[in-house]
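Examination of the molecular architecture
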Amino acid sequence: MKSVLKKTLFGSVLATSILFLGACGGDGASEDANAGNDPAADYPSGPITVVVPAGAGGDTDLNTRIMAKYLEKELDTNIVVSNVTGSGGATGTQTVLDAKPDGQTVLAFHNSMLLNNVFGLTDYTYDEFKMAGVGVLDQSNTFLTSPDSKFQDIPSLIEYAKANPGEVTMATEIGSMTYIQTLQFQEQTGVEFNIVDIGGAADKIAALLGGRVDIVPTSLGLVSGYIESGDMVPLGVMAEERLEGAPDVPTFKEEGVDIVIDKIFYWGFDPETPDAYVEKFSNAMENVVANEEYQQEIEDSWLSPTFLDQEATNAKLEEINASYQEAYDNSEQ
Amino acid sequence: MFDMLFAGFGSVMTLQIIMLIAAGVALGLVFGSIPGLTATMAVAICLPITYGMDPIAGMSLLMGLYIGGVSGGLIPAILLKLPGTPSSIATTFDGYPMAQNGEAGKAFNYAIVSSFLGGLLSIIVLIMIAPPLGRVALQFGPFEFFAIVIFSLTLIASLSGDSLPKGIMAGLLGISFAMVGAAPIDAFPRFTYGFTDMNAGFNLLPVLIGLFALSEIFISAEKKVKKGLNAKLSKVNYKVSIKEYVAQGWNFLRSSLIGLGIGILPGIGGGTSNIISYVAAKSSSKKPEEFGKGNPAGVVASEASNNAAVGGALVPLISLGIPGDTVTAMLLGGLVLHGLQPGPLLMQNSGDVVYGIFAALLIANVFMILFLFMGMKGFIRLLSIPQHILYPIILALCVVGAFGVNNRLFDVGALLFFGVLGYLMIKFGFPLTPLVLGFILGPLLETNLRRGLMLSQGDFMPFLTSPIAAAFLLVAAASVVFAIYSNHKKKKGTSVLNV
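Model, not experiment: these values are computed from the prediction.

**A few points about the domain arrangement of chain A**
All names here are of chain A.
- Split by domain assignment, chain A resolves into domain 1 (46-137 + 264-320) and domain 2 (141-237).
- Distance between the C-alpha centres of domain 1 and domain 2: 29 Å.
- Domain 1 puts nine residues into the contact, and the matching count from domain 2 is eight residues.
- For the side of domain 1 that touches domain 2, the class distribution of residues is four nonpolar, four polar and one charged.

Here's what the structure looks like:
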C-alpha cells in the first residue's frame, strides 16, 4: 500500500514539476538570429506561455484555450495557458511586459485593458503591445431584465427611466465593460440609472434572479439558458445586425440607441519582440480562424470567429479606445 | 428521480469512467494533502485534459478531484499541524494534539468517517432538493452577506485562546492585510507604496501556509533534532468503537448542516465553514476546556463540515448555474466548454449529464474513504521520518505551491513574510486563526457593505430591516456580549466557558 501511495505522490509531484518547468521554459529560449533567409525560422524556440489575466473557466480563459489548442498544431510547439489574475487584469498584462521580448510569452486579453487605462488604473494601454491579431469577437452584449419588470423593451425602458430618474437599478462591475456600456447608454438617451456594483457575471445573474436589480448587462451566450427558461428577457443586443442565433432580439440601433460594442479577444507581444516572430504568430492565428472545427467550437458559445490582422486589430482597438475615452470624459463633466 | 439516478450510474459504470474517478480522487488527495497545492489547482490543471473527453467522463474526473482535494487536507492537518487546504484549518486544532498523544489512528478514523458521511449527506441533499435550496440562496444579497460576515467575525472571540484582546488584534491585523492592493469595486490601489506587484494584494494561499506551515517549521527548527515519533507509533490506537461514533452523532449532523448551509451561499465556502462548525461544537460542548487538547469532537466538526460544503457549493451551480466557490467556478467553465448550458434548465435539458455527475460524486466519495483508509497506516509512518528531512521537503513544496498560485515570485516573498509573522505571533502568544479569519472575511465585509449602500443609495436601514440580515446581526450582538461576559468571568478565576 505504501509503495502505491508513494508512486501516486511521486507521479503527481513529477507531473506538477513538469507543468511548472513548462511554464518557465520560455525564459531559457535562445535569441540567436538564424542565418537563413527566414528570420522567424527559429521561432518558436520552445513552449509558448500565454498569459490570461482572468481566472480559469471564464470566457477569456475558454476562448484562449480553444485558440491555443489549434495554435499548438500550427506552430508545432506546446502552448501553456497561465492564468494571472488580479487588479482587473493589470497584474497579468504587466507580467507580459516584464517578460523577455523573445516571443515566448504572449498576452491574450480583451477590451478591459483599455478600460484600465481610461479609468487611470494603468499608465499603459493597447499601443504598448505589438498586436498579433484577433481570433474571436463577442457581439452578443445585451441588457437583460426579469419577465415581471415594468419594461420589456428598450423604448419602454427609456420612457420609464426618464419618468423615474435614478430609480432603475443597473447591475455592473465598476470599471468593467458593462460599466462603460451603461455610461454610454445614459449619455445617448439622457436617462439616469442607479448604477450599482454587483460583481462578475455569476453575481449579476444571481442578483437578477433574486430580484435585487432591474437590469443586468452581460453576454447573451452566458445566459441563453435563462432566456430559454423564461427567467430573463433580453432587451436588445449591441451589435450592428441581429445575431444569427437570436433573430428575435432586436439591436440597440434598431431601437434608436446607437451603441455597437464588440468585445474583441486579441493576442499581443512585448513591443521589443522581433517583427518576424509576431508576423509568424499572426499567420498561424489566421490559419486557425480559417479552420472549420475552430469556427464551430467558437459559434457553439454564441461568439463570432473572426480574424483581424495586426493592422486591423490596432485600428479596431483605437476605435474602441476613442469611444471609451469619450464616454468617460462625458461622465466626468 | 431514482430512475434518472440509476441511468446516471449506468452512464458512469464504464471501466474508463470509474478509472477516471479513482484517478481524480487519488490526485485530488495528493493536492489536498500537500500544503500549497489545493483542489482549485488540481481542477485548474486537469480542466484542459477533459476537453477531449465526452461531458460525463470529463465532469466525473473533475468531481473526483473536487472530493479528493477537499478531503486530502486532513492528512497533514492531523499529522503535522499544517492545514493542507483552507478547509482543514480547524482540523489542526484537535487532530494534531490527538496525534501527539499517540492517537493519530483514532483521529484519522474520526476524520475520514466524518468526511465520508458529511459528503454523503450533502450529496443526497443536492440530489433531492437542489432547486428549492438554490432559490433560497438567491435571497442572500449584500445586506444579508454583510450580516453573516459580521456574525462570523464575532467567532474570533472563541478562537482567541487565552487572551481576547490579542485575538481581536490578530483579527484586525488580518483585515488590514486584506486591504492591501486594489480595493474592491473601484480598484483603487491601497497600501501598495508604489510597488506594482502589490496591486493584486496578498493571495490567501501564501498567507495561510506562511502563517501555519512555515511558522511551525521555524518553531521546530529551534528545538533539538527529534528522531520522529517512533516510540509512540508502536502503540498507536486505531480503533474507534461504534459507541464513540454514536456519541458524535449530533455534533456530526450539526456540523454537516453548517457546512451545507455555508457551501450553498456563493462566496463564503469551506474555508470558513470548518471554523464555524468547530466553534459551534466547542460552545455547545459540556467540556469546552477539552477542545484544543485532542478532543475528537473538534476533528469531527471540522471534517464533516468541509466535505458537506462540497455538496452545498454544487447546489446553486446545478440548479441555477451560479458557482459557490473557486472550484465550482471552474466546473462552470467546464460545463460550458462541453457545450452544456448552465442555468435553471440544465437539469431538464442535460439531465443525463447532471445525474451522471451525481453518480460520479457518490462513487468518488466511496473511493475517498477507501483510499484514505488504505493509506492511513502509510500516512502515519510519515511521522517517523526525522523532522530534519521531512520539513525541508515540506518547505520546498510550500514555495512551489505559493509560486503556482499565480506564477509569480511575489507570492513566494509573501509566503516568507507571513511565515516570519506567524513565527513572531506564536512567540508572543497571539493566536493565528483570527488573523486568517479576518483576512478571508475582511474583503467580503467591505465589498458587501459598499454594494449594499449602492443598492440602497446610501441608506443603512436595509441592513436592519432585511429579516435575514437582522437575525444574523442580533446573533452577532448576543455573541459579543456573551464573549465579554465570559472573558470577564474568566479573569475573576471562576469557571472557564470560552477558552
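**A short note on the sheet that holds strand 3 (residues 105-109) of chain A**
All names here are of chain A.
- Taking strand neighbours across the sheet as the criterion, the six strands line up as 2-1-3-10-4-11 in an open arrangement whose pairing is mixed. Because the sheet does not close on itself, it has two edges, and the strands there are strand 2 (79-83) and strand 11 (304-308). With strand direction ignored, the average angle separating the axes of adjacent strands in the sheet is 25 degrees.
- Sheet topology places strand 1 (residues 48-52) next to strand 2; five bridges connect them, and they run parallel. Bridging across to strand 2, V51 finds its partner in S82.
- Helix-sheet contacts for helix 9 (residues 275-290) involve strand 4 (130-138), strand 10 (263-269) and strand 11, and the interaxial angle to strand 4 is about 15 degrees.

**Description of the packing of helix 4 (residues 55-71) of chain B against helix 18 (residues 351-381) of chain B**
All names here are of chain B.
- Where helix 4 meets helix 18, the closest approach of the two axes is 8 Å, and the angle between their N-to-C directions is 40 degrees. With respect to each other, helix 4 and helix 18 are oriented oblique. For helix 4 against helix 18, the interelement crossing comes out right-handed. Listed contacts from helix 18 to P55, I56, M59, S60, M63, G64, I67, G68 and S71 of helix 4 are V353, G356, I357, A360, L361, A364, N365, F367, M368 and L372.
- The residue inventory of the contact of helix 4 with helix 18, partitioned by class, reads 13 nonpolar, six polar and no charged.

**Notes on the sheet that holds strand 9 (residues 233-237) of chain A**
Residues and elements named next belong to chain A.
- Spatially, 8-5-9 is the arrangement adopted by the three strands of the open sheet, whose pairing is antiparallel. Single-partner strands in this sheet number two, and they are strand 8 (216-219) and strand 9. Neighbouring strand axes in the sheet, compared pairwise and without regard to direction, differ in orientation by 35 degrees on average.
- Inspection of the sheet shows strand 5 (residues 141-145) paired to strand 8 by four bridges, in the antiparallel sense. In the sheet register, T142 faces strand 8, and the bridge partner there is T218.

**Quick word on the nonpolar core**
- Within the largest apolar cluster, 261 residues are counted, with the highest numbers of intra-cluster contacts made by A:V50, B:V43, B:Y66, B:I78, B:A360 and B:A364.
- Once you skip the residues sitting within four places of it in the chain, B:Y66 turns out to touch B:G28, B:A39, B:V43, B:V310 and B:V327.

**Notes on the packing of helix 4 of chain B against helix 16 (residues 326-337) of chain B**
All names here are of chain B.
- Close contact between helix 4 and helix 16 brings their axes to 11 Å; oriented N to C, the two are set at 175 degrees. Put simply, helix 4 runs roughly antiparallel to helix 16. Residue-level contacts link G58, M59, L62 and Y66 of helix 4 to V327, L331 and G334 of helix 16.
- Residue composition of the contact of helix 4 with helix 16, grouped by class: five nonpolar, two polar and no charged.

**Considerations on the environment of B:Y96**
Residue and element names in this part refer to chain B.
- Take Y96: it is sitting in helix 6 (residues 91-100).
- Through-space distance from the C-alpha of Y96 to that of N199 is 36 Å; in sequence the pair is 103 residues apart.
- Ignoring anything within four residues of it in the chain, the contact list for Y96 reads I78 and K81.

**Examining helix 9 of chain A**
- In this model helix 9 of chain A runs 23 Å from its N-terminal to its C-terminal C-alpha over 16 residues, within 8% of the 22 Å that 1.5 Å per residue would give.
- In the core, the buried residues of helix 9 of chain A are packed alongside helix 2 (59-75), strand 4, strand 10, helix 10 (292-300), strand 11 and helix 11 (310-332) of chain A.

**Re the interface of chain A and chain B**
- Taken together, the contacts link 48 residues of chain A with 50 residues of chain B.
- Residue assignment for the side of chain A that touches chain B shows that the elements contributing at least two residues are helix 1 (2-24), helix 2, helix 3 (90-98), strand 7 (194-197), helix 7 (201-209) and helix 8 (220-229) of chain A.
- Broken down by element, the side of chain A that touches chain B gets its largest block of residues, eight residues, from helix 1 of chain A.
- Its residues assigned to classes, the side of chain A that touches chain B shows 20 nonpolar, 20 polar and eight charged.

Reading guide: rules and limits
- Every chain is numbered on its own, with residues counted from 1 as its sequence reads.
- Here every chain gets a letter starting at A, and every ligand a number starting at 1, in the order they are written.
- Side-chain atom pairs in this predicted model are given and counted only at pLDDT of 80 or more, local residue features only at pLDDT of at least 70, and totals for whole chains, interfaces and linings cover all residues.
- Residue ranges assigned to the domains are those given by an automatic or database domain assignment.
- Here the contact rule is simple: place C-beta atoms from the backbone, and any two residues whose C-beta atoms are within 7 Å are in contact.
- Under the scheme applied, nonpolar residues are Ala, Val, Leu, Ile, Met, Phe, Trp, Tyr, Cys and Pro; charged residues are Asp, Glu, Lys and Arg; polar residues are all the others, including Gly.
- Here a strand pair is declared whenever DSSP counts at least two bridges between the two strands.
- A run of DSSP states H or I qualifies as a helix once it reaches four residues; a run of E qualifies as a strand once it reaches two. Both are numbered from the N-terminal end.
- Note on geometry: axes are C-alpha line fits, over the in-contact stretch for helices, and angles between N-to-C directions span 0 to 180 degrees.
- Every angle not falling under 35 degrees, over 145, or within 65 to 115 is termed oblique; those three ranges are roughly parallel, roughly antiparallel and roughly perpendicular.
- By the definition used in this description, the sense in which the near helix is turned from the far one sets the handedness, with an anticlockwise turn below a right angle giving left-handed and a clockwise turn giving right-handed.
- Think of a nonpolar core as buried Ala, Val, Leu, Ile, Met, Phe, Trp, Tyr and Cys residues chained together by C-beta atoms that fall within 7 Å.
- Neighbour density around each residue's C-beta defines its exposure: 20 or more other C-beta atoms within 10 Å make it buried, 12 or fewer make it exposed, and counts between make it partly exposed, where C-beta atoms are placed from the backbone.
- To estimate the expected span of a helix, count its residues, drop one, and scale the result by 1.5 Å.

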